[in-house]
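Examination of the molecular architecture
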Amino acid sequence: QSLPQQKLLTWLSVLECVEVFAEMGTARVWGEMGRWTIIVLIQLAKAILRLLLLLWYKAGIQTSPPIVPLNREQQQPLHPQDLEDSSSGKDHTYVGKRSSRVVRCLQSTPSLQSRHWGSPQQREESQSRRAEEMNQPPTPLGLQETIAESIYITRPLLHLLSLGVWGQRSWKPWLLSAVLDISSLSLLSDLKDLNRQERAELRRRTVLLLYYLLRSPFYDRYSEGRILLLLRLLADYVPGVGFVIRPLMDYLPAWQKIYFYNWG
């Protein structure tokens, strides 16, 4: 990736990290009008950055978060002793003459924090496989797929516009957003040979369709009573679950009112 593209991804990641804090802080200081103003500004900035990545830098299907978090358990760096041994040509393994079993030599045993229980060959293969998956270029998008990704990127802006036109109690913003999400996924479903990150992103978007059960006005009119009844039954009759379910029931109304938790 070029340096400008990395900067765009960084700014996009920062926006996604602070959007909930910005919404809640602005609502506390400037009230409801300030809250919706900051929501519109953040969604507009995110849409511009994502469209630049899609149309100018050909970034393909964009993941959320834009910068994939580092898995520190899988990234085990080599220690100075390992580097010295590799540079000096020392053999890290011993192959049994009768069993042909590969074991690590005692003098090349790493520290406890970076120790793993597989054979060195398995570790090297897994690390090389992960490196290949991370370095795979994005799948080129045709016109149909570019339109689908553009629909997904602009969906929050269209939803906010529909809220301003028809109000928060209307079904039209809810239906418009659902149609756009489903249309985007349907157009992207024809893509073949996606890499691992892109397949995971499409699965995540499909699972997020369940959020429509928690979004107003559907939640207010249909889901709220059923969800709270189910949670109450689990908390009362399943041992040990109440420690998690009861705080969730108390937090659900506040969570449902925060736009970036619910729609962002």
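Above this text you will find the structure in question.
About the criteria used
- Residues numbered from 1 in each chain as written.
- Predicted model: local features only at pLDDT ≥ 70, side-chain atom pairs only at ≥ 80, totals over all residues.
- Heavy atoms only, no water.
- Helix = DSSP H or I, 4+ residues; strand = E, 2+ residues; numbered from the N terminus.
- Buried < 20%, exposed > 50% of the residue type's maximum accessible area, 1.4 Å probe, protein only.
- Contact = heavy atoms within 4.5 Å.
- Polar contact = N/O pair within 3.5 Å; in protein donor to acceptor, adjacent residues only side chain to side chain.
- Core = buried A, V, L, I, M, F, W, Y, C linked by side-chain atoms within 4.5 Å.
- Salt bridge = Lys/Arg side-chain N within 4 Å of Asp/Glu carboxyl O.
- Axes fitted to C-alpha atoms, helices over the stretch in contact; angles between N-to-C directions.
- Parallel < 35°, antiparallel > 145°, perpendicular 65-115°, else oblique.

1. Section: the overall build of the chain
Counting its secondary structure elements, the chain contains nine helices and two strands. Secondary structure of the chain in N-to-C order comes out as α-α-β-β-α-α-α-α-α-α-α. Relative to its 264 residues, the chain shows a buried fraction of 35%. The contacts of the chain with a sequence gap of at least 6 include a subset with a gap of at least 24, amounting to 70%.

2. Some details on the side chain of Lys 46
Secondary-structure assignment places Lys 46 in helix H1 (residues 3-56). Accessibility expressed as a relative area gives 6% for Lys 46, which makes it buried.

3. Observations regarding the side chain of Glu 16
Mapped onto the elements of the fold, Glu 16 is located in helix H1. Glu 16 sits in the buried class, given a relative accessible area of 19%. Separated by 3.4 Å, the side chains of Glu 16 and Ser 64 make a polar contact.

4. Here's the deal with the nonpolar core
Among the nonpolar cores identified, the biggest contains 14 residues, and Trp 36, Ile 39, Leu 160, Tyr 259 and Phe 260 are the most heavily contacted of them. Looking at this core, the elements with two or more residues in it are H1, helix H4 (143-166), helix H5 (172-188) and helix H9 (259-262). Considering each element in turn, this core owes the most residues, five residues, to H1. Setting aside chain neighbours within four positions, we find Ile 39 in contact with Glu 23, Leu 160, Tyr 259 and Phe 260.

5. Notes on unusual backbone geometry
A cis geometry characterises the amide bond from Ser 64 onward to Pro 65, with omega recorded as 0°. Note that the residue after Ser 216, namely Pro 217, is joined by a cis bond; omega there is 5°. In the Ramachandran plot, Lys 58 falls in the positive-phi region, its phi being about 55° despite a non-glycine side chain. Relative to the assigned elements, Lys 58 resides in the loop between H1 and helix H2 (80-88). Residue classification places Lys 58 among the exposed positions, given a relative accessible area of 60%. With phi around 60°, Asp 193 is a residue other than glycine that occupies positive phi space. The topology assignment puts Asp 193 in the loop between H5 and helix H6 (196-207). Its relative accessible area of 74% is what places Asp 193 among the exposed residues.

6. Brief notes about the environment of Tyr 212
Relative to the helices and strands, Tyr 212 resides in the loop between H6 and helix H7 (218-237). Sequence spacing of Tyr 212 and Trp 174 is 38 residues, and the spatial spacing of their C-alpha atoms is 7.9 Å. When near neighbours in sequence (up to four residues on either side) are disregarded, Tyr 212 contacts Trp 174, Ser 177, Ala 178, Asp 181, Phe 218 and Trp 263. A polar side-chain atom of Tyr 212 sits 3.3 Å from the main-chain amide nitrogen of Ala 178.

7. Focus on the pattern of salt bridges
Per the counting criterion, the structure on display carries nine salt bridges. The shortest N-O distance in the salt bridge between Arg 35 and Glu 32 comes to 2.7 Å. Residue Arg 35 and its partner Glu 32 are both found in helix H1; the two are separated by three residues, about one turn of the helix. Each of Glu 149, Glu 201, Arg 204 and Arg 205 takes part in one network of salt bridges that share partners.

8. Some words on the packing of H4 against H5
Running from N to C, H4 and H5 point in directions that differ by 175°, and their axes come no closer than 9 Å. It follows from the interaxial angle that H4 and H5 lie roughly antiparallel. Residues Gln 144, Glu 145, Ala 148, Glu 149, Ile 151, Tyr 152, Arg 155, Leu 158, His 159, Ser 162, Leu 163 and Trp 166 of H4 pack against Lys 172, Pro 173, Leu 176, Ser 177, Leu 180, Asp 181, Ser 184, Leu 187 and Leu 188 of H5.

9. Digging into the environment of Gln 256
Inspection of the secondary structure assignment puts Gln 256 in helix H8 (residues 242-257). Leaving out residues up to four positions away in the same chain, Gln 256 has contacts with Leu 214, Arg 215, Ser 216, Tyr 219, Asp 220 and Asn 262. Polar side-chain contacts of Gln 256 include one of 2.8 Å to the side chain of Ser 216.

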